[in-house]
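These are the residues of each chain, in order.
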Amino acid sequence: AQSVTQLGSHVSVSEGALVLLRCNYSSSVPPYLFWYVQYPNQGLQLLLKYTTGATLVKGINGFEAEFKKSETSFHLTKPSAHMSDAAEYFCAVSSSGNQFYFGTGTSLTVIP
Amino acid sequence: KAGVTQTPRYLIKTRGQQVTLSCSPISGHRSVSWYQQTPGQGLQFLFEYFSETQRNKGNFPGRFSGRQFSNSRSEMNVSTLELGDSALYLCASAQMSGARTGNEQFFGPGTRLTVL
């Protein structure tokens, strides 16, 4: 069975500060992991994904995530937050076919 | 390439009615998945269609059904609407299905359904 836990439903950071959004997964098979971002009244946009290979994955808009098998984690980071980063972020693990299991989301607020 | 499109964007229905939502995937994508998004339950998988066949199904009652056409367009139907069906319904398309391939899903903007 697959599941995702996102710690912290709301995260606030100052503009220019480090962004860290936490994601832990449970998977009975080697996981494929994803981070998506959702802006108000829009669908989800892929930030980055881990399938195989390098465990540090770089995505769009300066985001990156590191797959740590020993910790079953896939935390999302960005060195310097920008006002435009304010949005809802979702971590997901894929199962058979294209069935995704999503976390409950983390709402990121950027304080000027 | 055009993205995933969903129609209508907004819909208001009353309890007991039925509704049909439409999704057009990215050209060349044969897999279409549907998700329900609510503040309380988050994003929940409804079902996936690939080559006109339902490949996976989430834990939703039989009132929720779908189909896929030969051009990969998909429709989702909800019969006998309940207040709790109010949600954002998201459609996502991907290139492949069947095996675990790690393909990303591309999401449409969603249909906001309100049941009164």
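Given the structure is predicted, the values throughout are model-derived calculations rather than measurements. (Residues numbered from 1 in each chain as written. Chains lettered and ligands numbered in written order. Predicted model: local features only at pLDDT ≥ 70, side-chain atom pairs only at ≥ 80, totals over all residues. Heavy atoms only, no water.)

**Digging into the confidence of the model for chain A**
When pLDDT drops low, the exact placement of atoms in the prediction is not to be read closely. On average, residues of chain A carry a pLDDT of 92, and 97% of them reach 70 or more. Looking across chain A, the model is least confident in strand 11 (residues 100-102) of chain A, with a mean pLDDT of 89, and most confident in strand 3 (residues 19-21) of chain A, with 98. (pLDDT = per-residue confidence, 0-100. Helix = DSSP H or I, 4+ residues; strand = E, 2+ residues; numbered from the N terminus.)

**Brief notes about the interface of chain A and chain B**
Interface size is often expressed as the accessible area that is lost when the parts come together. Every contact between the two is made by 23 residues of chain A and, on the other side, 25 residues of chain B. For the pair chain A and chain B, the summed buried area comes to about 2,000 Å², and 48% of that belongs to carbon and sulfur atoms. Our count for the chain A to chain B interface comes out at zero salt bridges. In this assembly, chain A and chain B are joined by four residue pairs in polar contact (both at pLDDT 80 or more). For the side of chain A that touches chain B, the secondary structure elements donating two or more residues are strand 5 (33-38), strand 6 (44-50), strand 10 (87-94) and strand 11 of chain A. The class makeup of the residues in the side of chain A that touches chain B is 11 nonpolar, 11 polar and one charged. (Contact = heavy atoms within 4.5 Å. Buried area = accessible area lost by both parts, 1.4 Å probe. Salt bridge = Lys/Arg side-chain N within 4 Å of Asp/Glu carboxyl O. Polar contact = N/O pair within 3.5 Å; in protein donor to acceptor, adjacent residues only side chain to side chain. Nonpolar A, V, L, I, M, F, W, Y, C, P; charged D, E, K, R; others polar.)

**A closer look at the pairing of strand 6 of chain A**
All names here are of chain A. Burial analysis of strand 6 places five of its seven residues in the buried class, the great majority of the element. Examined bridge by bridge, strand 5 and strand 6 share six bridges and lie antiparallel to one another. Bridge pairing in strand 6 places Phe34 opposite Lys49. (Buried < 20%, exposed > 50% of the residue type's maximum accessible area, 1.4 Å probe, protein only. Pairing = 2+ DSSP bridges.)

**Let's talk about the side chain of Asp85 of chain B**
Within the secondary structure layout, Asp85 of chain B lies in the loop between strand 8 (74-78) and strand 9 (87-94). With near-sequence residues (within four places) excluded, Asp85 of chain B lies in contact with Gln36, Arg63, Phe64, Val78, Thr80, Leu113 and Val115 of chain B.

**Side note on unusual backbone geometry**
Note the cis peptide between Thr7 of chain B and Pro8 of chain B, where omega equals -10°. Within the element layout of this structure, Pro8 of chain B appears in the loop between strand 1 (5-7) and strand 2 (10-13). Of note in this structure, Thr72 of chain A is not a glycine but carries a positive phi near 45°. In this fold, Thr72 of chain A is placed in the loop between strand 8 (64-68) and strand 9 (73-78). Classification of Thr72 of chain A as partly exposed rests on a relative accessible area of 32%. Despite not being glycine, Glu52 of chain B shows a phi value in the positive range, around 70°. By the secondary structure assignment, Glu52 of chain B is in the loop between strand 5 (42-50) and strand 6 (53-57). On the accessibility criterion, Glu52 of chain B (46% relative accessible area) is partly exposed.

**A closer look at the state of the cysteines**
In protein chemistry, a disulfide is the covalent bond that joins the sulfur atoms of two cysteines. Going through the model one piece at a time under the given rule, you end up with two disulfides over all chains. Covalent S-S linkage joins Cys23 of chain A and Cys91 of chain A, the inter-sulfur distance amounting to 2.0 Å. Handedness here is read from the sign of the S-S torsion; for Cys23 of chain A and Cys91 of chain A, about -60°, the answer is left-handed. Of the two residues, Cys23 of chain A is situated in the loop between strand 3 and strand 4 (24-26) and Cys91 of chain A in strand 10; the sequence distance between them amounts to 68 residues. Across the pair, exposure class does not vary: Cys23 of chain A and Cys91 of chain A are buried alike. The disulfide partner of Cys23 of chain B is Cys91 of chain B, and the S-S distance across this bridge is 1.7 Å. Here the S-S torsion is close to -55°, and the disulfide linking Cys23 of chain B with Cys91 of chain B is therefore left-handed. Within this pair, whereas Cys23 of chain B is found in strand 3 (residues 19-24), its partner Cys91 of chain B is found in strand 9, the two being separated by 68 residues in sequence. Accessibility classification places Cys23 of chain B together with Cys91 of chain B in one group, the buried group. (Disulfide = S-S within 2.5 Å.)

**Concerning the sheet that holds strand 8 of chain B**
Backbone hydrogen bonds hold the strands of a sheet together, and the pairing may be parallel or antiparallel. All names here are of chain B. Strand order in the open sheet formed by four strands is 1-3-8-7, and the pairing between neighbours is antiparallel. Both edges of this open sheet fall to strand 1 and strand 7 (64-68), since each of them pairs with a single strand only. For this sheet, the mean angle separating the axes of adjacent strands, direction not counted, is 20°. Bridging between strand 3 and strand 8 involves five bridges; their strand directions are antiparallel. Each residue of the ladder has a partner; that of Val19, found in strand 8, is Val78. (Axes fitted to C-alpha atoms, helices over the stretch in contact; angles between N-to-C directions.)

**Here's the deal with the nonpolar core**
All names here are of chain A. Grouped together as the largest cluster of nonpolar side chains are 26 residues, with contacts concentrated most on Trp35, Leu47, Leu48, Phe74, Leu76 and Tyr89. Taken together, the elements giving at least two residues each to this core come down to strand 2 (10-14), strand 3, strand 5, strand 6, strand 8, strand 9, strand 10 and strand 12 (106-111). The dominant element in this core, judged by the number of residues it contributes, is strand 10, at four residues. Other than its neighbours up to four places away in sequence, Leu47 contacts Trp35, Tyr36, Val37, Gly59, Ile60, Phe63, Leu76 and Tyr89. (Core = buried A, V, L, I, M, F, W, Y, C linked by side-chain atoms within 4.5 Å.)

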